[in-house]
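Residue-level listing of the chains:
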Amino acid sequence: FESLSMHESIAIDAVHQDPRTESLYKAGADAAVTGLLVVPIFSGRDALGVMMCEHNVEDRTWHSWEELVASSLADCAGIVLAVLEARRTNGALS
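No experiment lies behind these values; they were computed from the predicted model shown.

> Would you mind going over the overall build of the protein chain with me for this structure?
When helices and strands are counted, the protein chain shows three helices and three strands. Considering the protein chain as a whole, with its 94 residues, one finds that 27% of them fall into the buried category. Put simply, 46% of the contacts in the protein chain that link residues at least 6 apart link residues at least 24 apart. Of the roughly 6,400 Å² that the protein chain leaves accessible, carbon and sulfur atoms contribute 56%.

This is the structure:
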C-alpha cells in the first residue's frame, strides 16, 4: 500500500474484486466487508496507523466527500497523538 505512505487514502469499491485486496479476501478476511476506505494516520512524517471504514451490504462507490471526511478525522487523530506524545515526553523531562 504505497499510497498510504504518500499520505493518500485508498478507496476500494469491491473488496473481493480489487487486485489490492483480492489476496486478503481469499485468505479469509471478513467476507461481509464489500467496500473499504483506508486512510493513513500521520504525525509529522511518522506513519502511526490507519483508519478503516468498512461497508458491508453490497459493493459501493466511495464519494470524494467521504474520503475528505475520513482524511480529516485521520488528521485529527494524528494531531491528538502528537500532543499526547509531547505531553508524555515533557512529563518525563520534568
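> Please explain the pattern of salt bridges as it appears in this structure.
When the charged atoms of two side chains lie near each other, side chains of opposite charge can form a pair. As enumerated under the stated definition, the model contains two salt bridges in all. Measuring nitrogen to oxygen at the nearest pair gives 2.5 Å for the salt bridge that ties R88 to E85. Of the two residues, R88 and E85 both sit in helix α3 (residues 64–93), three residues apart, roughly one turn of that helix. We classify E85 as partly exposed; its relative accessible area is 37%.

> What am I meant to see in the pairing of strand β2 (residues 35–43) here?
It is a general feature of regular strands that their side chains alternate between the two faces of the sheet. Within β2, nine of the nine residues are buried, which leaves it mostly tucked inside the rest of the structure. Judged by which residues are buried, β2 turns out to be covered on both faces: G35, L37, V39, I41 and S43 on one side and L36, V38, P40 and F42 on the other are all buried. Relative to β2, strand β1 (residues 10–12) runs antiparallel, the two sharing three bridges. Residue A11 lies in a different strand from β2, and its bridge partner there is L37. If you look at the hairpin formed by β2 and strand β3 (residues 46–55), you'll find two residues sitting between the two strands, and G44 has a positive phi there, around 65 degrees.

> Got a minute to help me understand the pairing of β3 in this structure?
Direction of pairing for β2 relative to β3: antiparallel, over a ladder of nine bridges. In the strand pairing of β3, S43 is matched with D46.

> Can you help me understand the packing of aromatic side chains in this one?
Inspection of every chain in the model, using the stated rule, returns zero aromatic pairs. Here R60 stacks its cationic end above the ring of W62, 4.2 Å away from the centre of that ring.

Calculation rules
- Residues numbered from 1 in each chain as written.
- Predicted model: local features only at pLDDT ≥ 70, side-chain atom pairs only at ≥ 80, totals over all residues.
- Heavy atoms only, no water.
- Helix = DSSP H or I, 4+ residues; strand = E, 2+ residues; numbered from the N terminus.
- Buried < 20%, exposed > 50% of the residue type's maximum accessible area, 1.4 Å probe, protein only.
- Contact = heavy atoms within 4.5 Å.
- Areas by Shrake-Rupley, 256 points an atom, 1.4 Å probe, with all protein chains shown as cover.
- Salt bridge = Lys/Arg side-chain N within 4 Å of Asp/Glu carboxyl O.
- Pairing = 2+ DSSP bridges.
- Phe/Tyr/Trp six-rings, centres within 6.5 Å; stacked < 30°, edge-to-face > 60°.
- Lys NZ or Arg CZ within 6 Å of the ring centre and 35° of its normal.

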